[in-house]
Amino acid sequence: MTKLRIKVKIVRDGGRLPVAATSGSSGVDLHAAIKEPLIIEPGGFSTIPTGIAVEIPYGFEGQVRGRSGLASKHGIGVLNAPGTIDSDYRGEIMVVLFNFGRSPFVVEPGMRIAQLVFAPVVSVEFLQVENLSETARGERGFGGSDTGIP
């Protein structure tokens, strides 16, 4: 397993270092750096501060993802999942939580609200062409790989 060294700056009261829940965790927990409970109504969303900023090495990105426990128990997810943190961003990490559930959800101060995963980034060069190579699927999209769809 590759080990990255990530510099973390606490930028708000309630901010804390991200921590992996287990030795096999692929992500680290992000916590709500809020001073009082915040309610997210069903169908609503809120941008929650984490109180930290990070320095991600060039060639990597941070991905903010939802927590499976919040999703399965309360219908809470990250609205723009995965949210991307670029290597040149130095501002506070914010998490946009969405309530897909049927009941109001209370975000408590210090609550684990999301996870942060780091991934390598591939640099690309785009080449404009007149034609692309042929495949069996061709231009069929949105279910075009399902059998029986013309």
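As a reminder, the structure under discussion sits directly above these lines.
Below is a short write-up of the structure. The numbers attached to residues start from 1 for each chain and follow its sequence in the written order. Reporting of local features is limited, given that this is a predicted model, to residues whose pLDDT is at least 70; pairs of side-chain atoms are given and counted only at 80 or more, and all residues count toward the totals for whole chains, interfaces and linings. The side-chain numbers reported here are obtained from all heavy atoms of the structure, hydrogens and water having been left aside.

Our focus in this paragraph is the sheet that holds strand E2 (residues 28–31). In this analysis, strands are considered paired if DSSP registers two or more bridges between them. The numbering of helices and of strands both runs from the N terminus, where a helix is a DSSP run of H or I of at least 4 residues and a strand a run of E of at least 2. Across the sheet, four strands lie side by side as E2-E11-E6-E8; this open sheet has antiparallel pairing. Each having just a single partner strand, E2 and strand E8 (83–85) make up the two edges of the open sheet. The average undirected angle you get between the axes of adjacent strands in this sheet is 35°. Pairing between strand E6 (residues 60–65) and strand E11 (residues 112–120): six bridges, direction antiparallel. By the bridge assignment for E11, Val64 is matched with Leu116. Note on geometry: axes are lines fitted to C-alpha atoms, helical ones only across the stretch in contact, with angles between N-to-C directions running from 0 to 180 degrees.

Turning our eyes to something else, we now look at the pattern of salt bridges. A pair is scored as a salt bridge if a Lys or Arg side-chain nitrogen falls within 4 Å of a carboxyl oxygen belonging to Asp or Glu. Summed over the entire model, instances satisfying the criterion amount to four salt bridges. The partner of Lys7 in a salt bridge is Glu55, and the shortest N-O contact between them spans 3.9 Å. With Lys7 in strand E1 (residues 7–10) and Glu55 in strand E5 (residues 52–55), the pair connects residues that are 48 residues apart, well separated along the chain. Type-normalised accessible area, obtained with a 1.4 Å probe on protein chains alone, sets the label of each residue: buried when under 20%, exposed when over 50%, and partly exposed for intermediate values. By relative accessible area, Lys7 is classed as exposed at 56%. Residue Glu55 is classed as partly exposed on the basis of its relative accessible area of 34%. The network of salt bridges with shared partners includes Asp29, Arg67 and Arg112.

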